[in-house]
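So you can see what is in the structure, the chains are spelled out below.
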Amino acid sequence: MTSAASLPGRPPMQLVGGWETGLIAMMAVLYLIGAYLNPGFFGSADAFQALLRDASRYAVMAVGMTFVIVNKDIDLSVGSTFGLVSVIFAYVFNPAHYDMGVVPAIVACFALGALIGLLNGALVTVLRVPSFIATLTMLFIGRGFILGLTGGQSILYPIKAKEYPWFFQLGEMNAVGFNNQIPIALAIVALGAFVLAKTRWGYETFATGGNELAATYAGIPTRWVRVRAYLLSSLCATVAGLMAVAQDKGTSPQGGLSAELIVIAAVIIGGASILGGRGRVIGSFIGALLVVLINKVLREGLPITRTIVIDGQEVQVQAVFSLPAGAVPAFIGILLIVAVLIEPLIIRRKLFQRLWAHLRGLPPPPLADLGGVAIEGVQTKGATVTDRAMSARGFGKFLARRDALAIMLTVILWLVGLSLRPDYWYNLPNTFAILLNYTELALISVGLTYVIAAGDIDLSVGAVLALAGSAAAYSLKVLGVDPLSAVAIGLGVGLFAGLVKAVLTVWLKLPAFIATLGMFYIARGVASWLVSGQQLTGWNEGFNVMGRKIADIFAYFGLPHPSGMIGAISEVLSVQTLWMLLVSLIAGIVLGFMPYGQRLYAVGGNLRAAAYAGINPNRVRFPALVFCAFCAAMAGLINIAYFRSFNPVAGQFRELDGIAAVIIGGGSIFGGYGTIIGSLAGAAVITLVRALLQLNVEGFTMPQHWINVFIGGILIVAVLVDIWVRQANIFSTFFGRRAPRGPQARGTSHA
């Protein structure tokens, strides 16, 4: 007779487990290391309270992020939501703006948070935009709103804050001696842990993340479950933003910057799987404590004693050795990658269980299926559009091309600029300036075309641009190397970054957006680290010739300036433009006419069919990721040669521009499509849009921050056009359903 306890049923979920115990032990060891290195800070009770206080906001955001990641999604917009909430609170509350009370400001913030969450959820579930693209775009749009609304300045209101002690005391110490943010965070963590582990919402979340199709067949509203997770994530970011407002009594344009990295790293370190279906809120909370503790150990520095000479006398002074600017985000980026690698290398391979079995002389436990081509989903998209393009004739054949829209938009935007400012738009200096801006983006877009056509993504191209530029600038300015050696160093650093991304994505099987997101922060941090966060300038002018016009090259070498048409062209074309055209020509030939290009399309269009046809996907994807980094490195060298200096913010938002250029140019975010001509046209569209928005028309020029918001909107529209017009062919479906049925059709239907 079978007992009731042995009957199959729903297994009980755990609030905590052995993973959390290991994290606590690791955190204790790390705290002791901090106390040994810097006893003046970590040896006090204030340090522990500061750790809990600073981690409380990240812990609150980690609660919502846990639901999203368990759902097999990602939310890269929490940092921007955090910062934007504090800005909206300042606008509603600050006497210099709307001068309203705390309650209306809080209501406005929660309304904004709910709107962002619902918008993210709708983009991902209803409109089927990949989660990393939808939330990455929201990150850039939100950051643009923050900088645009604040003007890059802090907004403070300490005097008015005294009128509302019931709210602003939430960011201060209580009678027990703890900051009030700590119990708020603990309460939210406890509630989130209970909901995820012990309620229907939690079971639906685990089922959706573990196997969405099976969950749908079981009657679970998976679309609403995913939207609900995004809503929770944004609302948690809203609460965290209000906690920061209560503590700071103001806002900063840097609020929430890179918070998404810390939160995602905390959730992954806390035991959640980036592949969905696993995670605990308590683990995410401990992960947030651990990440913030690592951050503090790195930032607080090491007390040292320095000897300085004053008037011939040696004087010993106490100082602190701290890491340079950029070191901390680089280390956190490495931590994110390491945390994600725990899943494929340790957990799924049962490393510890196999080691324990080996020590006991027992057979190793069986491994689960680690994945392979047989379980890859079919990826082929847009068959109807392709068939229509093949059957079209004449000009219709051009219109049926996926890159036709970008080419036509380029012509239209150029004519719009000519009509708005013919006095400025048509002259040669403006043409040269547009070509210079275009060259950098065009090189990035050429590399991204290969990656996106292969079905991957690269979110680090702007950071690799900065890394290669900083390496070359550091070599020229500090090491004093010759220009050719500096070029080799910059390209070598970019290639190394590409190799790391390719190894992580292709060999270690990390999702491309996670591997390149980690590289984004690593490369950006190391680039700032090399130059100590400062601008470098003043090196051998021979290096800068690659960023100059052809006419400047003649002058540099003492050659006579050509006259006539050749002289006019030499005033427009530059070395970098010619180099970009050469790289594009070679890349276009390889992609369009050589076997590697066809294999690239096959892998991106349908990985399973490509593998069954004898194509090795790894040998196709690996070079594409390396080539993309190489193109970004070339753009970085051109950037510092043109400006004759390196700025740590070089390449900022270029990821957004590059992805938008490829999608506008006919590439598909799902892979399998893309041409070099289309991507170059897409880069021209983005460049012309930026030029038009910066155009001074009757005394008005749009600020740069709002331009980034506009470009983010263009990316979303481009992805939606790709999904619903090119892939789903929604217009043909819609008009086909509404078309009147003729007598013959009715007769056939009746028969």
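Check the entry above for the structure.
Residues numbered from 1 in each chain as written. Predicted model: local features only at pLDDT ≥ 70, side-chain atom pairs only at ≥ 80, totals over all residues. Heavy atoms only, no water.

(A) Structural context of a nonpolar patch on the surface. A surface patch of nonpolar side chains, about 760 Å² in accessible area, is lined by Val29, Ile33, Tyr36, Leu37, Leu302, Phe321, Leu323 and Trp529. With four residues, helix 1 (residues 18-37) is the single largest residue contributor to the nonpolar patch. Note that Leu302 resides in strand 3 (residues 302-310). (Patch = residues over 30% accessible without salt bridge, like charges linked within 9 Å, V, L, I, M, F, W, Y side chains within 5 Å. Areas by Shrake-Rupley, 256 points an atom, 1.4 Å probe, with all protein chains shown as cover. Salt bridge = Lys/Arg side-chain N within 4 Å of Asp/Glu carboxyl O. Helix = DSSP H or I, 4+ residues; strand = E, 2+ residues; numbered from the N terminus.)

(B) How the structure looks around the nonpolar core. In terms of nonpolar packing, the biggest core is built from 191 residues, with Ile264, Tyr450, Ile457, Phe543, Leu600 and Ile659 touching the most fellow members. Ranked by residues supplied to this core, first place goes to helix 30 (residues 617-643) with 16 residues. Not counting residues within four places of it along the chain, the set of residues in contact with Ile659 comprises Ile133, Leu136, Leu448, Ile457, Asp458, Leu459, Ile669 and Leu715. Core analysis: the next-biggest nonpolar cluster, separate from the first, contains 24 residues, Ala90, Tyr91, Ala105 and Ile106 among them. (Core = buried A, V, L, I, M, F, W, Y, C linked by side-chain atoms within 4.5 Å. Buried < 20%, exposed > 50% of the residue type's maximum accessible area, 1.4 Å probe, protein only. Contact = heavy atoms within 4.5 Å.)

(C) Up close: helix 22 (residues 461-479). Taking 1.5 Å of rise per residue, the 19 residues of helix 22 would be expected to cover 27 Å, and the 26 Å separating its terminal C-alpha atoms lies within 8% of that figure. Most of helix 22 is tucked away: 15 of the 19 residues are buried. Just downstream of helix 22 lies Gly480, where phi reads positive at about 70°. (Expected span 1.5 Å × (residues − 1).)

(D) Focus on the packing of aromatic side chains. According to the stated counting rule, one finds 20 aromatic pairs in the structure shown. Connected via pairs of aromatic rings, a cluster forms that spans Phe89, Phe93, Tyr157, Tyr164, Trp166, Phe167 and Phe168. Across the ring face of Phe93, the terminal group of Lys160 is positioned such that the distance to the ring centre comes to 4.4 Å. Positioned above the aromatic ring of Tyr673 is the side chain of Arg402, whose terminal nitrogen or guanidinium carbon lies 3.9 Å from the ring centre. (Phe/Tyr/Trp six-rings, centres within 6.5 Å; stacked < 30°, edge-to-face > 60°. Lys NZ or Arg CZ within 6 Å of the ring centre and 35° of its normal.)

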